[in-house]
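Next come the chains, spelled out residue by residue.
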Amino acid sequence: MNVLKDILYKVTLNAVLGSTGIGIEKIQFDSRQISNNDVFVAIKGVISDGHDYITKAIEYGAIAIVCEELPDQLNEEITYVEVANSNQALAFMAANFYEHPSQNLKLVGVTGTNGKTTVSSLLYQLFKKAGYKVGLLSTVKIMVDNKEYKTAHTTPDSLSINKYLKLMNDEGVEYCFMEASSHGIHQSRIEGLSFAGGIFTNLSHDHLDYHKSFAAYRNVKKTFFDLLPKTAFALSNIDDKNGLVMLQNTQAKKFTYALKNYADYRAQILENDFSGLLLKLNDNELWTKLIGDFNAYNILAIYGTAELLGLENNEILRLISELENVSGRFQYFISEDRITAIVDYAHTPDALKNVLGTINSIRTKNEELITVVGCGGDRDKTKRPKMAHIASALSTKVIFTSDNPRSEDPDAIIADMEKGVEPQNFKKTLSITDRKQAIKTACQMATSKDIILVAGKGHETYQEIKGQRFDFDDYKTVQELLKQLQK
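In what follows, the accompanying structure is described. All of these numbers come straight from a predicted model, not from anything done at the bench.

Brief notes about helix H3 (residues 86-97)
No. 1: Along its 12 residues, H3 runs 16 Å from first to last C-alpha, staying within 8% of the 16 Å computed at 1.5 Å per residue.
No. 2: Judged by how many residues are buried, H3 sits mostly within the fold: 10 of 12 residues are covered.
No. 3: For H3, the full list of buried residues reads Ser86, Ala89, Leu90, Ala91, Phe92, Met93, Ala94, Ala95, Asn96 and Phe97.
No. 4: Phi turns positive, to about 65°, at Glu99, one or two residues after H3.

This is the structure:
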């Protein structure tokens, strides 16, 4: 059993009432999970405030409470710890409780608007192929070497992160690659972790419902690099105008990558089609199954990281040529009728523009490009017209549909999107609320050699409507419908 005072190491304390010499069974921030001899950390969330559940936590068996505001009525049998920031306190407590597992492996964080999942997942794949035991903390899944765990957030809570890192220690994992989302950084979920390196992919319009301004969103990303130690590396995409901003105040060793500017790691696209990319990468020719300019950037990030972590140059090039596409990221197939169907997670204006730009750079322009796209409910509304504007400008036909409407009216979300369509593009667009019907309509419209892009949900295997999750997989849906509709 852990002693409370040991778990509180490095936590900024405002006041302590009661003994910190008591034994603690577990740390919890959800009062429903509390059992005897646990410590409850009260966190002010977006939807609910943990301070409202302190009494419940004590009823369930909590013997210590960590909070930002002490309750009006105190229980003499309970230890109360008042802290400056509960999220930050939870992160340090979790690291202490699990014996600082991040110090026992090389942990690399990947941040940016787009590419986090692809870069972290491909690094996991590459290091596995190189023969190492590897961990992955991503949107798609959590991997402890060969064992998979499901995940619900881009960056899990700090307790979960440390729990999985401890499992990785137990399995002898040497490297771990994790997504560091803006929410995760802002909510201190990665505080107390020891990073060997950080990667910046790019920055574009996203999560402004949460961060309120682009500057605030950018600065949250920057804090990740500001906190990296001198022993770590910081690898940044300097073709993005925010790339050098990320490196301004970091103590880490600075490295850059780019397609357009001079950088430590640079590449030139020699060929780009549906079979893959041929790149000239730091004077080496490299062929990869991955497609598009955005994947050229991802490959540069992977190459640079692998070299900075000590892998040999020729081995890295060989391993990159063997990498497979990440689920829901430009995942495509060609039907028996020669219709190309692409499923991609693109759910930001910039990501959608990149995917459509890649398709347009490959296609002959003699075929139709039919895009099926929606926007999520209860999220940043300002990107909806931008997404529709891009889809209608860069496709020959567009079907607006539901994504994950959550608690919002899907028709209202589509109406927000339609405001972004320019008059000359009206005739290209169609709105079908039911996502399956929208995909079916795209499949019915398509003829041989046409291209269908289903954007927004990628790897997700559900649709969230009015608080309920329904099974829905874009890739399987479009595959099945094209098979049924074979001409």
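Some words on the pairing of strand S9 (residues 134-137)
Regular strands place side chains that alternate from one sheet face to the opposite one.
No. 1: Here S9 shows two buried faces, one formed by Val134 and Leu136 and the other by Gly135 and Leu137.
No. 2: Examined bridge by bridge, S9 and strand S12 (residues 175-179) share 4 bridges and lie parallel to one another. Its bridge partner being in S12, Val134 is matched across the sheet by Tyr175.
No. 3: Of the pairings in the sheet, the one linking S9 to strand S10 (residues 142-144) comprises 3 bridges and is antiparallel in character. Its bridge partner being in S10, Leu136 is matched across the sheet by Met143.

Some points on the environment of Gly109
No. 1: Summarising the element assignment, Gly109 is placed in strand S8 (residues 106-111).
No. 2: The exposure class assigned to Gly109 is buried, which follows from its relative accessible area of 0%.
No. 3: Through-space distance from the C-alpha of Gly109 to that of Ala234 is 9.6 Å; in sequence the pair is 125 residues apart.
No. 4: Leaving out residues up to four positions away in the same chain, Gly109 has contacts with Met178, Phe195, Gly197, Gly198, Ile199 and Phe224.

Topic: the nonpolar core
In globular proteins that are soluble, nonpolar side chains generally tend to be buried together.
No. 1: Formed by 40 residues in total, the largest nonpolar core has its most connected members in Leu126, Phe127, Phe177, Ile199, Tyr257, Ile299 and Ile320.
No. 2: Among the elements that line this core, the one with the most residues is helix H10 (residues 293-308), at 8 residues.
No. 3: Apart from residues lying up to four places away in sequence, Phe127 is in contact with Tyr132, Val134, Tyr175, Phe177, Ala306, Leu309 and Leu311.
No. 4: Within the second largest apolar cluster, 29 residues are counted, among which are Leu165, Cys176, Val220 and Phe225.

Overview of the side chain of Gln125
No. 1: Note that Gln125 resides in helix H4 (residues 116-129).
No. 2: Owing to a relative accessible area of 19%, Gln125 belongs among the buried residues under this scheme.

Structural notes on the sheet that holds strand S23 (residues 429-431)
No. 1: The strand order across the open sheet formed by 6 strands is S19-S20-S24-S21-S22-S23, and the pairing between neighbours is mixed. With partners counted over all chains shown, the strands left at the sheet margins are strand S19 (331-334) and S23, one partner each. Strand-to-strand twist of the sheet, defined as the mean angle between neighbouring strand axes without regard to direction, takes the value 15°.
No. 2: Note that strand S21 (residues 369-373) and strand S22 (residues 397-400) share 4 bridges and pair parallel. In the strand pairing of S22, Val372 is matched with Ile399.
No. 3: Strand contacts of helix H14 (residues 410-418): S21, S22 and S23, with the helix running at about 145° to S22, the strand carrying the most contacts.

Considerations on the pattern of salt bridges
No. 1: Within this structure, the stated rule accounts for 19 salt bridges.
No. 2: A salt bridge links Glu148 to Lys150, with the shortest nitrogen-to-oxygen separation between them at 3.6 Å.
No. 3: Put simply, Arg384 and Asp416 hold a salt bridge, and the shortest N to O gap is 2.9 Å. A residue pair is termed long-range when its members are at least 10 positions apart, and Arg384 in helix H13 (residues 383-394) and Asp416 in helix H14 qualify at 32 residues. Accessibility assignment for this pair places Arg384 and Asp416 in one class, buried.
No. 4: Where salt bridges share partners, they join Lys381, Arg384, Glu408, Asp416 and Lys419 into one cluster.

What to know about the sheet that holds strand S2 (residues 13-17)
Within a sheet, each strand pairs with its neighbour through backbone hydrogen bonds, oriented either parallel or antiparallel.
No. 1: Read across the sheet, 5 strands follow the order S2-S7-S6-S5-S4 without closing on themselves; strand pairing throughout is mixed. One side of each edge strand has no neighbouring strand; the edge strands of this open sheet are S2 and strand S4 (27-28).
No. 2: Where S2 meets strand S7 (residues 79-83), 4 bridges bridge the pair, whose relative direction is antiparallel. Counted as the bridge partner of Leu13 is Val83 from S7.

Rules behind the numbers
- Residues numbered from 1 in each chain as written.
- Predicted model: local features only at pLDDT ≥ 70, side-chain atom pairs only at ≥ 80, totals over all residues.
- Heavy atoms only, no water.
- Helix = DSSP H or I, 4+ residues; strand = E, 2+ residues; numbered from the N terminus.
- Expected span 1.5 Å × (residues − 1).
- Buried < 20%, exposed > 50% of the residue type's maximum accessible area, 1.4 Å probe, protein only.
- Pairing = 2+ DSSP bridges.
- Contact = heavy atoms within 4.5 Å.
- Core = buried A, V, L, I, M, F, W, Y, C linked by side-chain atoms within 4.5 Å.
- Axes fitted to C-alpha atoms, helices over the stretch in contact; angles between N-to-C directions.
- Salt bridge = Lys/Arg side-chain N within 4 Å of Asp/Glu carboxyl O.

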